[in-house]
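Residue-level listing of the chains:
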Amino acid sequence: MSVRVARALRAWDWGAGCRRGASNFPLPPPGAVDVAELLRDATAVDERPREAAVRRLPGQCSVLLFPGQGSQMVGMGRGLLRYPRVRELYAAARRVLGYDLLELSLHGPQEDLDRTAHCQPAVFVASLAAVEKLNHLHPAVIENCVAAAGFSVGEFAALVFAGAMEFSEGLYAVKIRAEAMQEASEAVPSGMLSILGRPQSRFTFACLEAREHCKTLGIENPVCEVANYLFPDCRVISGHLEALQFLQKNASKYHFRRTKMLPVSGGFHTRLMEPAVEPLAQVLKEIDVKKPLVSVHSNVDGNRYMHPKHIQKLLVQQVVSPVKWEQTMHAVYERKKGTEFPTTFEVGPGRQLGAILKSCNLQAWKSYSHVDVLEAHEAPDQDL
């Protein structure tokens, strides 16, 4: 039996696995898209003798980047519905989530879509639906993919794409994660502050003084720390709202060029999210995680996953750890001088990861494209 067929059978026979809070776990309807199947077809060559495998040149390879929370927008998904199986993907999502994700994504309202409990599943599904569009327009991109990375919740989409977990498994884990993070964020007034700094910016010292300021206000064990490493001199700091307000007020003291509060409900990727750790850990224990068919890089350290147990451990750790995206970009695109860069596709709403890539590695960004998820007025492959 081939690897592809064996894994396909497992994809439809895990219903007894995920028992936490859902003894009748909703599976995708028959015929629903399994995005990992696209890769399994492409990797069938792995079962042939090694010498028969064709080695791709770097310039012929592709990398997929999956966005995270904050990229959501009302209308996302509208540009994908004409592609095969996308509606089936959203139908499967409705069974897993218990509500109409497609209706919410298409029509909002924005404030409902922005809720952590909703936007994480919405971005996850829209990103994997964008993979279906990419496969329809440019199947060679999927066949030649060598690496994937996702920002925060986008890491779950990257792992599903790479065959490490099935769509319904990944979505259910995202559902539990999002609901637990929403609950944790409502327990403490907190948030995230994006900061564009300078080479002399003192992020660590600024966070220390912000925590000391919070203590003078009577806040015990205040949180204020770097939560996202985006690109050189750009960080996102998470913590108590009072700490973030202190940083904005004293921006010039720490040589910050610009600060902006992000439209999120909590201080993500800090210990403020500790209440979300156990629910996610429990559901991941019940998922049959497999070795990815292409390299998937972890947010926690930027390195690629080597073992399924490693995936389960770091996905939990990621909730309370900073997203090291800048380090991940260096790991993905590191190569000898003169070596071509792969073509990069951002699959999902927004172009934020492309903008970050441009600041991290200009040469790699020159081979970047975005797969649009909104209304497609352009020619079919204009964005590609």
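Above this text you will find the structure in question.
Analysis parameters
- Residues numbered from 1 in each chain as written.
- Predicted model: local features only at pLDDT ≥ 70, side-chain atom pairs only at ≥ 80, totals over all residues.
- Heavy atoms only, no water.
- Helix = DSSP H or I, 4+ residues; strand = E, 2+ residues; numbered from the N terminus.
- Buried < 20%, exposed > 50% of the residue type's maximum accessible area, 1.4 Å probe, protein only.
- Polar contact = N/O pair within 3.5 Å; in protein donor to acceptor, adjacent residues only side chain to side chain.
- Pairing = 2+ DSSP bridges.
- Axes fitted to C-alpha atoms, helices over the stretch in contact; angles between N-to-C directions.
- Core = buried A, V, L, I, M, F, W, Y, C linked by side-chain atoms within 4.5 Å.
- Contact = heavy atoms within 4.5 Å.

### Some remarks on the environment of T339
Within the fold, T339 resides in the loop between α14 (325-333) and β9 (343-347). Residue T339 is classed as partly exposed on the basis of its relative accessible area of 29%. Remark: the alpha-carbon pair of T339 and G59, spanning 280 residues in sequence, is separated by 8.3 Å. Of the polar contacts made by the side chain of T339, one reaches the backbone oxygen of K336; its length is 3.0 Å.

### A word on the sheet that holds strand β7 (residues 295-297)
Strand order in the open sheet made by the five strands is β7-β2-β1-β9-β10, with parallel pairing throughout. For this open sheet the edge positions go to β7 and β10 (368-371), each flanked by a neighbour on one side alone. Direction aside, neighbouring strands of the sheet carry axes that sit 20 degrees apart on average. Of the strand pairs in this sheet, strand β1 (residues 62-66) and β9 are connected by four bridges, and their pairing is parallel.

### Overview of the nonpolar core
Counting residues in each nonpolar core, the largest one holds 99 residues, and the members touching the most others are L64, F66, F124, F161 and F167. One finds V226, A251, Y254 and F256 within the second-largest nonpolar core, a separate group that totals 18 residues.

### Focus: the sheet that holds strand β4 (residues 224-231)
The five strands lie next to each other as β6-β3-β5-β4-β8, forming an open sheet whose pairing is mixed. Across the chains shown, the open sheet's two edge strands, defined by having one partner strand only, are β6 (258-261) and β8 (323-324). With two bridges connecting them, β4 and β8 associate as parallel partners. Bridge pairing links Y229 to K324 in β8. Against the sheet, α14 engages β4, β5 (234-240) and β8, with an angle of about 30 degrees to β4.

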